[in-house]
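Below, each chain spelled out in residue letters.
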Amino acid sequence: MTAVALDVAERIALAARRQGVERAEGIDDLLARARRWGADLEAGVRAASTDDVDTLLDRLADIVVEGWVARPDPLRARDRDRLLTPDWFQRPDALGYVAYADRFAGTLEGVTSHVEYLRELGTTYLHLMPLLRPRPAPNDGGYAVADYREVRADLGTMGDLEKLASVLHDNGIALTVDLVLNHVAKEHAWAEAACSGDARHRDYFYVFPDRTVPDEYERTLPEVFPDFAPGNFTWDDRLAGWVWTTFNDYQWDLNWSNPDVVCEFADLTLYLANRGVDCLRLDAIAFIWKRMGTSCQNEPEVHALTRTLRAVARIAAPSLVFKAEAIVGPEDVVHYLGVGEYAGNVSDLAYHNSLMVQIWSALATRDVRLLVRALDRFPPKPTTTAWATYLRCHDDIGWAVDDADAAAVGWDGPAHRRFLSDWYAGRAPGTFAVGAEFQVNEATGDSRISGSAASLAGVEQALLADNGALLDTAVRRLFCAYAMVYGFGGIPLLYMGDELALRNDSSFLDEPDHVDDNRWMHRPRMPWDLAARRSSPATLEGRVYGLVKHLGDVRRSLPSLHAAVESSVRETSNRAVLAVVRSHAAGDLVQVYNASPDWQRCDTFALGPLLGRPVVDRLSGEAPEIEGNQLVLPPYAALWLTGR
Ligand code: GLC
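Residues numbered from 1 in each chain as written. Predicted model: local features only at pLDDT ≥ 70, side-chain atom pairs only at ≥ 80, totals over all residues. Heavy atoms only, no water.

## As for the side chain of Q600
Residue position: Q600 is located in strand β21 (residues 600-603). Only 2.8 Å separates the side chain of Q600 from the side chain of N574, close enough to count as a polar contact. Beyond its immediate stretch of four places on either side in the chain, Q600 contacts N574, A576, V577, N594, L631, V632 and L633. (Helix = DSSP H or I, 4+ residues; strand = E, 2+ residues; numbered from the N terminus. Polar contact = N/O pair within 3.5 Å; in protein donor to acceptor, adjacent residues only side chain to side chain. Contact = heavy atoms within 4.5 Å.)

Listed below in structure tokens is the structure:
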């Protein structure tokens, strides 16, 4: 008898029979989804597996069925709703908030009691920073996970996480949690097993008996933390070998070419989905596949593996979405949303790092040409996906400026990156920023920047100088930057405290576990006393809060901001002025930004499709000032123009 190859839906049907659930309620829906997404699951496996494909497919079929069986009823109801609104994270009302649970509210239960605050801001998506049990400090802000199935003890329990998810859902807020894919803490059970000589678990990692192979790899590997974790391999006595550690020496890279690792993460994906998590932030995803002679980032197998995990989720827990954390260049990052055969079947969301970098670059130089050049290079993303746009996050800002882009506007790449670090470290003449350098790499001259949005935008300097006019300019600058973030299309992420213009926090210097990592200067604790000022426009907090909230409110009213449509960034007749055009069937939206502290004019040609029509700025409710064929723009103007 010749074996007939089974497709994934058939394997899942067989797995259901093996598990005695072939007649369970909802099985037809499960199998329908398996027919829809099974080919994706299989294609991913075939493109990234070195092992016996059939065995791996059957193991994944079992995991899918187990995960589906364990899925609580309220989440199955959520699956049905989300299947009817698959674009929930693309809609103009989608708005993200990002916080450390402890720094925001002490515990997960504390977060539950601050849901009203999130609602008030219009939040529909909450990313709680790493909350699964990490190794004891230092643990890279929680990104060294010792157990993915337990919550950090001081934050609460898995039960608390489930309760929080359910409260958030009742309030129209989706929950995002980190799934660290590239590495585990060296205290994770897999690593412990490897250390005690278990060969199966040793294969979960990359371990080399001597430096021969590591040295070969090192030739083309960059260093992520050149300052506090140089090199990419760490000697471990218990393993009697060099283990791959891209990040810190206590974060051991996983071997994703091992099917056991793929199965573990398929299972974890569904485990977390079944706790009520709506979105998994795939941490450090770019690094998960290693190939000799490369930087070991963005290898094609990364996308194949994502395709498999995405299909597993779509079949068993279809309301779950993926967000890729790949802080890589334009040509590489679009692959995380899907290019070619991967279009629409990998991550749903990805961070738009370039937009963030280019906004800060434009503000420092008062020149938007580099921004236009860099963003223009982005190929369109699949219409079912969205960028996560942001001005600040918990990480440093790396000046990901391409040398060719810089050259195209007449600048030298390395010199411009140096300038940006000097500017935002608060060293360059005329700078408005207060920030600090992070991970200065003596060998490459590369350096990155830490600092809060408000401090980098000039608020701290103005307050130190006790200068009202400077403060006014800084607030306008912040508003202009946020308008670009909220107006770009995709889900804007507001990083905790930025809505209140919180400045750099130096208290990390007194914390032994944080003192070496100045990213903690922009990871403050929520000062609820200051937050209470948000309703008083006379205070700085109230003013900035009001502006940010206003952006969210206006955004929600503009169908043209649905992420399915691309933004087109354009130069104008004035290099300080940016135009962003969004052509949408529901009506065109043209945004105009003045990236400088001076009054500017530009040709009304900037109005693009709105040229010659009566227009209104939806942010102010007024008509823009036009003199002859010139748009007249106040310092840091941000206009969102539509037809009247
Ligand atoms: C991501 C996180 C960063 C962390 C790294 C290693 O880039 O955002 O904070 O250091 O992954 O897990």
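Okay, back to it.
## Side note on the domain arrangement of the protein chain
On domain assignment, one finds that the protein chain holds domain 1 (189-253) and domain 2 (566-643). Computed from C-alpha atoms alone, the centre-to-centre distance between domain 1 and domain 2 is 52 Å. (Domains from an automatic or database assignment.)

## What about the layout of surface pockets?
The calculated volume of the second largest pocket comes to roughly 580 Å³. Around the second largest pocket sit 26 residues that line it, and A137, P138, N139, D513 and H514 are the ones nearest its centre. Of the residues that constitute the lining of the second largest pocket, the class distribution is 10 nonpolar, 5 polar and 11 charged. (1 Å grid on protein atoms, 1.4 Å probe; cavity = no way out; pocket = protein on both sides within 12 Å on 5 of 7 lines; lining within 4 Å. Points joined across faces, edges and corners; volume = space filled by probe spheres on them. Nonpolar A, V, L, I, M, F, W, Y, C, P; charged D, E, K, R; others polar.)

## Let's talk about the packing of helix α12 (residues 259-273) against helix α13 (residues 300-316)
Orientation of α12 relative to α13, taken along the N-to-C sense of each, is 40 degrees, at an axis distance of 10 Å. Of the two elements, α12 crosses α13, and the hand of that crossing is right-handed. For the pair α12 and α13, the contacting residues are V262, F265, A266, T269 and L270 in the first and L305, L309, V312, A313 and A316 in the second. By residue class, the composition of the contact of α12 with α13 is 9 nonpolar, 1 polar and no charged. (Axes fitted to C-alpha atoms, helices over the stretch in contact; angles between N-to-C directions. Left-handed = near helix turned anticlockwise from the far one by under 90°.)

## Details of the site of the ligand
D140, Y143, H183, F225, F247, Q251, R281, D283, E325, H394, D395 and R519 make up every residue found near the ligand. A distance of 2.7 Å separates an oxygen atom of the ligand from a polar side-chain atom of D140. Contact distances for the ligand include 2.9 Å between an oxygen atom and a side-chain N or O atom of R281. Contact with the protein chains covers 94% of the free accessible surface of the ligand, which is 310 Å². Counted by class, the shell around the ligand contains 3 nonpolar, 3 polar and 6 charged residues. (Near = heavy atom within 4 Å. Areas by Shrake-Rupley, 256 points an atom, 1.4 Å probe, with all protein chains shown as cover.)

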